[in-house]
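Summary of the model geometry
Take a look at the letters that make up each chain.
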Amino acid sequence: MSGVFDDPSESTRPLRRPNRRPRALVPTLAVVVGLVIAYSVFVSIYTERLWFESVGYTSVFTKLLVTRVVLFLVFGVVITAAVIGNSLLAYRLRPLVTSGGYRNPTIERYQDNIEPLRKWLVIAGGAILMLAGGMTASGRWAQYLLWRNRVSFGQNDVYFHKDISFFVFSYPWYRFLISFVSASLILTILAAAATHYLYGGIRLQAARDKVSRGTQTHLSILLGLFMLVRAVSYWLDRYGLALSQSHRFTGVSYTDAHAVLPAKNILAVIALICAALFFANVIRPTLTVPALGFGLLILSAILIGGIWPAIVQRFQVKPSEPDKESAYIARNITATRDAYGLTSSKVEGYPGTSNTSAQELRNAADQLPSVRLIDPQLVSQAFEQLQQVRGFYRMPNVLDVDRYNVGGVSRDIVIAARELNLGGLGVGQRNWNNDHTVFTHGYGLVAAYGADKGTNGAPHWAEQDLPSRGDLGSYEQRIYYGEMEPDYSIVGRAPGTPPVELNIPDSAANGGQPDYRTYDGKGGVPIGSTFRRLLYATKFTDSSMLLSGRVDAESRIIYNRSPKTEVSKVAPWLTLDGDPYPAIVNGRILWIVDGYTTSNSYPQSERISLTQATNDSLTGANVSRTTTEEHVNYIRNAVKATVDAYDGTVTLYQWDTTDPMLKAWMKVFPDTVKPKSAIPPDLMAHLRYPQDLFKVQRLMLSRYHVMVPLTFYNNSDAWKVPTDPTQSPGSIAQPPYYLSVALPGQQPEFSLTSTYVPQSRQNLAAFVAVNANATSPSYGQMTVLKLPTDNTVPGVGQVENQFNSDATVTSKLQSFRLQGAQSKELFGNLLALPIGGQMLYVQPIYTFRGGEGSYPILQFVVVSINNEIGIGTDFNSALADALSTTSNQGGGGTGGGTGNGGNQTPTQQFNTYLDNAKQEFQAAQTALTGGDLGAYQLHNKNGLAWLDKAIALRDQPPAKSSGG
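None of the values given here were measured: they were computed from a predicted structure.

Rules behind the numbers
- Residues numbered from 1 in each chain as written.
- Predicted model: local features only at pLDDT ≥ 70, side-chain atom pairs only at ≥ 80, totals over all residues.
- Heavy atoms only, no water.
- Helix = DSSP H or I, 4+ residues; strand = E, 2+ residues; numbered from the N terminus.
- Buried < 20%, exposed > 50% of the residue type's maximum accessible area, 1.4 Å probe, protein only.
- Contact = heavy atoms within 4.5 Å.
- Areas by Shrake-Rupley, 256 points an atom, 1.4 Å probe, with all protein chains shown as cover.
- Salt bridge = Lys/Arg side-chain N within 4 Å of Asp/Glu carboxyl O.
- Axes fitted to C-alpha atoms, helices over the stretch in contact; angles between N-to-C directions.
- Parallel < 35°, antiparallel > 145°, perpendicular 65-115°, else oblique.
- Nonpolar A, V, L, I, M, F, W, Y, C, P; charged D, E, K, R; others polar.
- Patch = residues over 30% accessible without salt bridge, like charges linked within 9 Å, V, L, I, M, F, W, Y side chains within 5 Å.
- Phe/Tyr/Trp six-rings, centres within 6.5 Å; stacked < 30°, edge-to-face > 60°.
- Pairing = 2+ DSSP bridges.
- Core = buried A, V, L, I, M, F, W, Y, C linked by side-chain atoms within 4.5 Å.
- pLDDT = per-residue confidence, 0-100.
- Left-handed = near helix turned anticlockwise from the far one by under 90°.

Take the overall build of the protein next. Across its full length, the protein holds 26 helices and 33 strands. Looking at the protein as a whole, 52% of its 964 residues are labelled buried. A separation threshold of at least 6 residues defines the contact pool for the protein, and within that pool the share at least 24 residues apart is 68%. Surface exposure of the protein reaches about 43,300 Å², of which carbon and sulfur atoms provide 56%.

Let us now look at helix α5 (residues 141–148). Of the residues making up α5, those classed as buried are W141, Y144, L145 and L146. Packed against the buried residues of α5 are α2 (58–92), α4 (118–138), α6 (164–198) and α18 (660–668).

According to the stated counting rule, one finds 24 salt bridges in the structure shown. A salt bridge links E321 to R248; the shortest N-O distance between them is 3.7 Å. In this pair, E321 sits in helix α10 (residues 321–339) while R248 sits in the loop between α7 (213–240) and α8 (254–283), placing the two residues 73 residues apart along the sequence. Here R478 and E476 are joined by a salt bridge, their closest N and O atoms 3.0 Å apart. Three or more residues joined by partner-sharing salt bridges are found here, namely R175, D237 and K264.

This paragraph deals with the packing of α5 against α18. Two numbers describe how α5 lies on α18: the axes approach to 9 Å, and their chain directions differ by 95°. Classed by the angle they form, the pair α5 and α18 counts as roughly perpendicular. Contacts between α5 and α18 involve W141, A142, L145 and L146 on the former and, on the latter, M661, A664, W665 and V668. Split by residue class, the contact of α5 with α18 holds eight nonpolar, no polar and no charged.

On to a nonpolar patch on the surface, then. On the surface, F294, I298, L299, I302, L303, I307, I311 and F315 cluster together to form a nonpolar patch covering roughly 750 Å² of accessible area. Note on placement: I307 falls in helix α9 (residues 288–317).

Our next topic: unusual backbone geometry. Cis rather than trans, the peptide bond between L466 and P467 has omega equal to -5°. The residue P467 is located in the loop between β8 (459–464) and β9 (469–470) in this model. Even without being a glycine, N715 presents a positive backbone phi close to 60°. The residue N715 is located in the loop between α21 (709–714) and β24 (719–720) in this model. With relative accessibility at 38%, the residue N715 sits in the partly exposed group. The backbone phi angle of N866 is positive, close to 55°, even though this residue is not glycine. In this fold, N866 is placed in the loop between β32 (857–865) and β33 (868–872).

Attention shifts here to the packing of aromatic side chains. Summed over the entire model, instances satisfying the criterion amount to 45 aromatic pairs. Residues W573 and W665 carry aromatic rings whose centres are separated by 5.7 Å and whose planes lie at 15° to one another, so their mutual orientation is stacked. Of the two residues, W573 sits in the loop between α16 (563–570) and β16 (575–576) while W665 sits in helix α18, which places them 92 residues apart along the sequence. Each member of the pair, W573 as well as W665, is classed as buried. Connected via pairs of aromatic rings, a cluster forms that spans F75, Y144, W147, Y159, F160, F166, F167, W173, Y174, F176, F180 and Y239.

Strand order across the open sheet formed by three strands is β11-β15-β14, with antiparallel pairing between neighbours. Here the strands that pair on one side only, and so sit at the sheet edges, are β11 (488–491) and β14 (525–526).

Moving on: the nonpolar core. Membership of the largest hydrophobic core comes to 172 residues, with the highest contact counts inside it found for Y340, I557, V567, W573, L652, W665 and L687. Examining the composition of this core, we find that 14 residues originate from one element, α6, more than from any other. Each residue touching I557, except ones within four places of it in the same chain, is listed here: Y488, S489, I490, G524, V525, I527, Y536, F540 and M545. Core analysis: the next-biggest nonpolar cluster, separate from the first, contains 63 residues, V379, M395, V414 and I845 among them.

Take the sheet that holds strand β3 (residues 400–406) next. Read across the sheet, five strands follow the order β3-β4-β7-β8-β9 without closing on themselves; strand pairing throughout is antiparallel. Edge strands, defined here as strands with exactly one partner in the open sheet, are β3 and β9. Seen against the sheet, helix α12 (residues 380–387) touches β4 (409–417), β7 (445–453) and β8 and runs at an angle of roughly 55° to β8.

Among the ten residues that make up strand β26 (residues 749–758), nine are buried, leaving the element largely enclosed by the rest of the structure. Direction of pairing for β24 relative to β26: antiparallel, over a ladder of two bridges. Looking at β26, one finds that K720 is bridged to V757. Direction of pairing for strand β25 (residues 737–741) relative to β26: antiparallel, over a ladder of five bridges. Looking at β26, one finds that L739 is bridged to S751. Taken together, the six bridges between β26 and strand β27 (residues 766–771) define a ladder with antiparallel strand orientation. Pairing of S754 across the sheet is with V768, part of β27.

Let us look at the confidence of the model for the protein. In the predicted model, the protein carries a mean pLDDT of 87, and the fraction of residues at 70 or more is 89%. A low-confidence stretch, residues 1–13 (pLDDT under 50), is modelled with two contacts involving residues beyond four sequence positions or located in other chains. Ignoring residues within four places in sequence, the model shows residues 622–627, a span with pLDDT below 50, making 19 contacts including any to other chains.

It is worth spelling out the side chain of T642 at this point. Tracing the chain through its elements places T642 in strand β21 (residues 634–644). On the basis of relative accessibility, which here comes to 5%, the residue T642 falls in the buried class.

Now for the packing of α7 against α8. At a closest axis distance of 8 Å, the pairing of α7 and α8 adopts a crossing angle of 165°. Relative to α8, the element α7 lies roughly antiparallel. Crossing hand, α7 versus α8: left-handed. Taken together, the residues of the contact of α7 with α8 break down into 19 nonpolar, six polar and five charged.

What follows deals with the side chain of S370. Tracing the backbone shows S370 in the loop between α11 (358–366) and α12. In this view, S370 contacts D412, A451 and S740; residues no more than four positions away in its chain are not counted.

What follows covers the environment of V784. Its location among the elements puts V784 in strand β28 (residues 782–786). With 18 residues separating them along the chain, V784 and A766 place their C-alpha atoms 6.6 Å apart. Excluding residues that lie within four positions of it along the chain, V784 makes contacts with K346, V347, E348, L701, W719, A766, F767 and V768.

Structure, rendered in structure tokens:
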């Protein structure tokens, strides 16, 4: 034993037991981390279930959870079994290496290093594959559920003659399956080949027998399966041509039909032949034939799939592209108009200029119920300054437009909810108790009449003060759910416990002292138990929930408070409009949210970005229109949803009863969407045509109003939405506006309106309006008034320039401009209305003095008609000013309206007013006889208005003689 130890003393030193702490520490940490992750997942899932239970949509939660878990497990197991199973098979097929056989020292070193870790590598690899494959499939739950519950569209694709449901419901799922199987096979082949190489099945340096028989059989089967999948993929690619994007339109083009489609057929056949060759290689092993087949496929893909279509496009299509593509453009036009709901839209000629007399124009203007002057964006500051009441309340940057029946007459109303703003609390007021148990809700609505102004240019309130009072009736004013409420609040207390929620800061009913209340609604999740408090303390990382004495057995936690958030959770299959709006319905404040079913798989239909299509100068002022960059080529306003502002109740109503996508989702989630017939009349009165849908449709109509393929190809009659002239710089689209509009030959209707200008000019090309009144039989009817191509009617940008440069307007504003550097004028929304064969432009002008507490004041109204500009303190005086100029210039009329230079004597004006009143009352009687109560009410109202004017004129004192 001599020489074994360098130090003789080492032979007598006792052996030391190895330190096992490091070995025990790693598993312990792993267990702790695993438990923390498992607990976090449990908290997330369980609290989510509690929330769904609180709003009555547990079935949605269960359906989604089960579907996603099943997809995760099935597809995760499939890809794991394929890759790991074939790797283990490759390991079992490894050839035995004898002392006289081929040896590779490098590979053997790899084997020596990997062998001790082989078990753990298999486990780790399997776990990664399980997670990756399962999560990928779990994210496709919507495609899977639509495929499982598909319904027929009852309409065939114009090219492949398959029901459109195949493209919308089945094709996306089949495409995913093919992609998943292809990816799984590629990973399987790579893993199997690597294992065969590592364990001697593939010996590239060997002089002969480079691939063992077992390896060759194994890989041949895998490659054969991959070729089969490629054949199916090529076959499925044929249908994908109906969704392909060419440089001019979406759908099958001439090159697709005559080159790409035959190429896909040929490549599918070649892939089948390659698969057969690989399978044959199992019986008669040889690498040459499969390699030749695989090379043929690659060469064919390059020549037939790439070069041939390029040649057809360059030498057949391009020289006469309009003629070659004409039939395919026609199919694209038809499919696009159908997919975007434009088939019923009407395009009518409109002169834009006429010889209509001033009096006739005045009469036509008087037929309108009102012209909304209040700009929902500019007046927001006035709402906050005059009606905010306390700093811990706030209102949106852009208010909403609705209509209410006031005194038997439908009135346009600009409305906002007074919501809670914790940021408005003082620094000393910010603590957990105040943030989450005292300041828990907003209070009341604030509303102003859209066509009127109050004292000194302030809004004419329809609803005001705190608590709110006015013309909109009584309702539950507490707002726990809204667009700007805090993340969560703890509400509700045990009986006999003093209330702590601040209801009204200064209550007259409480002697001017703050009024405290306890929430007694059904909203929120009960958190009386210690277990639930622990769950939510973990969810919100807030230990105060466990420690605070204000959380007791009757407490509830309110969260997920945004109307869009609530609807998106209970109906995750909907794309939501970006502008929820509040309305008083049956004594409650309801948030109304429009929901869309969308698809990007409608055959031959043009695909667009939903975000870009809905973007305008108001987007982002409150909330963004869409949360993702979603591309669509089909859209329907399928659902009208409501969220109760007090208890968070979510109700979904079927709106589009013909939409196949909605029918499919109603099969997926039965009993979650109520039928259209269940919509209460009080709610129906406040439903309107949604803005985002209209913006998508107006974008599509800018090109797809053209029905002639050659004209469409030349793009010679395409329009564009004008930029907003009130924004600087004007580089973003003007938003649409809700107005009461009388289209030619029709009665006035509450409508959503916009204008078009030509692609390269700024004059008016067309006016577009859609009936936005849900109670009207013609709701949703879209009408385009197309002006002659050689017209000189100015567009909104040109009118804005005229207003800014008009001498009379400038002089009116001059005195205000001289008041200080902070003073400025603000031009409000520029409205366009067709009237008497002409276009009437109306714009409010607000003045803003600057400084703390100031807000824009509606000072003037400017109008433009027949290239004449008028200015006044209200719409009537501004229109009279413009029409008086028209009358004095010989516009064919005999009167100038109510003042400012008309040619009629007072007696003539008096008689004119009486004649107009008589005509209106006669028209009212005719409408009553015909059973049209709406027209009867309107004509009676107009007749009374003319009588009022006659009485006012009669009661005026006689004009004094100027003498001399």
